[in-house]
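# Geometric and topological summary
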Amino acid sequence: MARRKIIAGNWKMNKTPSEAKELVNTLKPLVENPDVDVVYCVPAIDIVPVGEAIRGTNVQLGAENMSDQDKGAYTGEISADMLLDAGVKFVIIGHSERRGYYHEDDAFLNRKVLKAFEKGLTPILCCGESLEQREAGVTLDWIRLQIKSDLQGVTAEQAKTMVIAYEPIWAIGTGKTATADQAEEVCGAIRSTIAEIYDTDTAEAIRIQYGGSMNAGNCKELLAKPDIDGGLIGGAALKPDFGKIVNYNKD
Ligand code: PGA
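The paragraphs below set out a description of the structure included in this document. Remember, it's a predicted structure, so these values are computed and weren't measured experimentally.

Let us look at helix α1 (residues 17-27). Every buried residue belonging to α1 is among A20, L23, V24 and L27, and all of these are buried. Buried residues of α1, seen end-on, are gathered within an arc of 100° and therefore sit on one face of the element. For α1, exposure combined with an orientation more than 90 degrees from the buried face picks out S18 and E22. Contacts from the buried residues of α1 go to β2 (36-42), α2 (47-53) and α12 (241-246).

What follows is the structure, encoded as structure tokens:
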């Protein structure tokens, strides 16, 4: 069965609650495409207003981060139950900005992935290599290590429902996109890794996104690749361009 494409915006630390509502309203007529799942992963403080603003549309709600703990004395953290109660379905886990700036390691991210599944949220698990790693020729080894570490204890049935985002760090926010062939090579290697950990059924079901300077101009070529099932979009998710990416299959 063909995998359904999933285009997710990662708003990062952009848009106040009132700006967020405005952006949702601007994008509303542009992001209708019955062939594609559309998700807005928004800052925690925007989750409630965006949830209200997307009501009755095709857009689903996502968070950019989540605690690995259930509740209690964790100042500043947001739990899975809080996200669920606010209508969140997806949660980004292990974005390179969280791995890099906030030192989130694979053991910690594995706990978050397990927590998301336990509570019924769909993880969008990010992985990706630095420029140094790409130049040293260790990209595929590195990605395999990230995936295998972050999915410890995840069952095949759970893995089938999740999303993995391949985001080369050198392509994020830099305007330097991986070529469609480079992106396909790694997304294919991720699928093979999933087949190795689980089985081919799981590998065929899991959705793998590319992220890193995807825009209205390059999305068509990237999304045409057999192992690229969608995009995780940063900068272009804040502009009407996002509608063009969602409608990549229309002329
Ligand atoms: P970008 O960000 O599209 O601005 O490169 C992608 C991401 O970091 O998810």
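Here the narrative resumes, following the displayed structure.
This next bit is on the sheet that holds strand β7 (residues 207-211). If you walk around this closed barrel you meet the 8 strands as β1-β2-β3-β4-β5-β6-β7-β8, and the pairing is parallel. On average, each strand axis in the sheet is inclined to that of its neighbour by 25°, with strand direction left out of account. Summarising the sheet, strand β3 (residues 59-63) and strand β4 (residues 90-93) pair through 2 bridges and their orientation is parallel. Looking at β4, one finds that G62 is bridged to F90. Against the sheet, helix α9 (residues 180-197) engages β5 (122-127), β6 (163-166) and β7, with an angle of about 145° to β6.

All told, the structure shown has 22 salt bridges when counted by the stated rule. For the salt bridge of D68 with R111, the shortest nitrogen-to-oxygen distance reads 2.9 Å. Of this pair, D68 sits in the loop between β3 and α3 (80-85) while R111 is found in helix α5 (residues 106-119), placing the two residues 43 residues apart along the sequence. We classify D68 as buried; its relative accessible area is 12%. Across the pair K112 and E104 runs a salt bridge whose closest N-O atoms are separated by 3.3 Å. Given a relative accessible area of 1%, K112 falls into the buried group. You can call E104 buried: its relative accessible area is 7%. A cluster of three or more residues bridged by salt bridges with shared partners is formed by R3, R191, E204, D227 and D229.

Below, the discussion takes up the pairing of strand β1 (residues 5-10). Most of β1 sits out of view: 6 of its 6 residues are buried. Neither face of β1 is exposed, since K5, I7 and G9 on one face and I6, A8 and N10 on the opposite face are all buried. Pairing between β1 and β2: 6 bridges, direction parallel. Bridge assignment links N10 to a residue of β2, and that residue is C41. Following the backbone out of β1, through α1 and into the adjacent parallel β2, one traces a crossover that is right-handed. Sheet analysis places β1 next to strand β8 (residues 230-233), joined by 4 bridges and oriented parallel. Bridging from a neighbouring strand, G9 pairs with I233 of β8.

Another point: α5. One full turn of an α-helix is made of 3.6 residues, so residues set three or four places apart face in the same direction. In this model α5 runs 20 Å from its N-terminal to its C-terminal C-alpha over 14 residues, within 8% of the 20 Å that 1.5 Å per residue would give. Here α5 has its buried residues at L109, N110, K112, V113, K115, A116 and F117. Lining the buried residues of α5 we find β4, α4 (96-101), β5, α7 (139-150) and α8 (156-161). Count one or two residues on from α5 and you reach G120, which has phi positive near 95°.

Basis of the calculations
Residues numbered from 1 in each chain as written. Predicted model: local features only at pLDDT ≥ 70, side-chain atom pairs only at ≥ 80, totals over all residues. Heavy atoms only, no water. Buried < 20%, exposed > 50% of the residue type's maximum accessible area, 1.4 Å probe, protein only. Helix = DSSP H or I, 4+ residues; strand = E, 2+ residues; numbered from the N terminus. Arc of directions from axis to C-beta. Contact = heavy atoms within 4.5 Å. Pairing = 2+ DSSP bridges. Axes fitted to C-alpha atoms, helices over the stretch in contact; angles between N-to-C directions. Salt bridge = Lys/Arg side-chain N within 4 Å of Asp/Glu carboxyl O. Right-handed = clockwise from strand over helix to strand, strands pointing away. Expected span 1.5 Å × (residues − 1).

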